[in-house]
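# Inside the fold
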Amino acid sequence: MRRHVRRRRKTPALLWLPLLSGVVAFVLPLLLVEYQRHPVESGPEPPAVPVSQSEGKPLGQTGQTLMVPQNDVAITVYFHEQGETRTVLLEQHLLGVLAAEIPDSFHLEAVKAQAVAARSYLLSKSGTGLHEGGADLCTDYTHCKAWLPEARYAEKFGAGEEAARALYATALRETAGQVLVYEDTVAQTVFHAMSGGRTESAVDVWGSEVPYLVSVPSGGEDQFDGYETTVDLSLSAYWEAMAPLNPDRELAPMVVLRRSAGDAVLRCNVGGVETAGTEVRRLLGLRSTKFWVTLNGDGVQIRVRGYGHGVGMSQYGAQVMALEGAGYQDILARYYPGCRLQQLDP
Ligand SMILES: [Zn+2]
């Protein structure tokens, strides 16, 4: 859900103070100032569940049984690359989702957490029929969840194909029929690659409150490549990319107005136009909204932390936990607080 915010707002005089003092007109465009107009809103305190304390939490309890026969779940999927809608079996489709979505180098417990999250996500969309041909889901990763056809396993995994297939199948088998529910509804367990140290809340990213998609700590991700990346752009390339926000091509600084508890840019001002961090991410093709823009010689350097929208389970965070000995239930408890694991009716 991307919001275009293009309305111009009267900029408070205070906002311009750091810019006007001692700055001549021609340097003004080059100035990139991070100015916090509002205090960072931390939102609801995340009910973080430390790994060692997940026992006895709602997760893992099996209460009511959902009336969905696990072996018979059919979902309608729009395969965007082929441009066709087909009805497929859930577990079969999940194999391709895991193969596409989580590296085969990951620990089994992280992959099991991913299996439950992906199964829950797919089921939460069951019956929505909002895609082409009345499909509930699609295979476009930018919209729903990616999916890798078996014919492409060899190309992706090479000599490790059999091991990868076994890993994903084991994760599915050892979590067979398990889904996360919140108040008796299958949870919309979105996930992403790497949070950058702390996940984002659904309300900050998509504007709607989801009780179990809140910001939680996700430490240890900095041991992996890609935790922090930099993008170097010439000034002209930078302004060109930002032109949709700034159609008059006013050369003006970017001012960050508000960051989330996890450091993601929520609101910023580009040339007098207030917009969302997600919009800047899209325009600049950044890996996440956790970015910092600075001048670097004749260009702009953008430091980016994490990868993805940041909501729900961080896959690399799950890997950190698994390597430290956590089980998949601990991982799910951390990233989807308040949800419980439930067995589908066999
Ligand atoms: Zn979709």
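Let us look at the structure shown here. Keep in mind the model is a prediction, meaning the values are calculated, not measured.

Before going further, it helps to examine the pairing of strand β9 (residues 254-259). Both β9 and strand β10 (residues 265-270) contribute to a ladder of five bridges, which runs antiparallel. Along β10, the bridge assignment pairs Val256 with Cys268. Counted between consecutive antiparallel strands, the loop separating β9 from β10 contains five residues, among which Asp263 sits at a positive phi close to 80°.

Membership of the largest hydrophobic core comes to 63 residues, with the highest contact counts inside it found for Leu98, Val111, Ala113, Val116, Leu180, Ile331 and Leu332. Considering every element that reaches this core, the biggest residue donor is helix α3 (residues 108-124), with ten residues. With residues near it in sequence (within four places) discarded, Ala113 still touches Met313, Ala318, Tyr328, Ile331 and Leu332. With 18 residues, the next largest nonpolar core counts Val273, Phe291, Val293 and Val300 among its residues.

In this structure, β10 lies alongside strand β11 (residues 273-276), joined through four bridges in antiparallel fashion. Looking at the pairing, Asn269 lines up with Glu274 of β11. Hairpin remark: β10 followed by β11, antiparallel, with two residues in the connecting loop; positive phi at Gly271, about 60°.

Okay, the sheet that holds strand β2 (residues 74-79) next. With respect to topology, three strands assemble into an open sheet ordered β3-β2-β4, the strand pairing being mixed. Of all the strands in the sheet, the pair left with one neighbour each is β3 (84-89) and β4 (137-138). Of the strand pairs in this sheet, β2 and β3 are connected by six bridges, and their pairing is antiparallel. In the sheet register, Tyr78 faces β3, and the bridge partner there is Thr85.

In this section: the sheet that holds strand β15 (residues 340-343). Spatially, three strands are ordered β6-β5-β15 in an open sheet, and the strand pairing comes out antiparallel. Whereas interior strands pair on both sides, the edge strands pair on one side only; in this sheet they are β6 (185-186) and β15. For strand β5 (residues 178-182) and β15, the ladder comprises four bridges, and the chain directions are antiparallel. Counterpart to Val181 in the pairing with β15 is Arg340. Along the sheet, α3 makes contact with β5, β6 and β15, crossing β5 at roughly 60°.

Let's shift gears to helix α5 (residues 161-174). Since there are 3.6 residues in each turn of an α-helix, residues three or four apart along the chain are aligned in direction. If you check α5, its first and last C-alpha atoms are 20 Å apart, about what 14 residues at 1.5 Å a residue would give, namely 20 Å. The complete set of buried residues in α5 reads Leu167, Tyr168, Ala171 and Leu172. Considered in projection along α5, the buried side chains sweep an arc of 125° and stay on one side of the axis. Relative to its buried face, α5 has exposed residues pointing more than 90 degrees away, namely Glu162, Ala163, Ala166 and Arg173. Where α5 is buried, its residues contact α2 (90-101) and α3.

Calculation criteria
- Residues numbered from 1 in each chain as written.
- Predicted model: local features only at pLDDT ≥ 70, side-chain atom pairs only at ≥ 80, totals over all residues.
- Pairing = 2+ DSSP bridges.
- Helix = DSSP H or I, 4+ residues; strand = E, 2+ residues; numbered from the N terminus.
- Core = buried A, V, L, I, M, F, W, Y, C linked by C-beta atoms within 7 Å.
- Buried ≥ 20, exposed ≤ 12 C-beta atoms within 10 Å, placed from the backbone.
- Contact = placed C-beta atoms within 7 Å.
- Axes fitted to C-alpha atoms, helices over the stretch in contact; angles between N-to-C directions.
- Expected span 1.5 Å × (residues − 1).
- Arc of directions from axis to C-beta.

Honestly, that's just the spatial picture; any functional story needs more than this.
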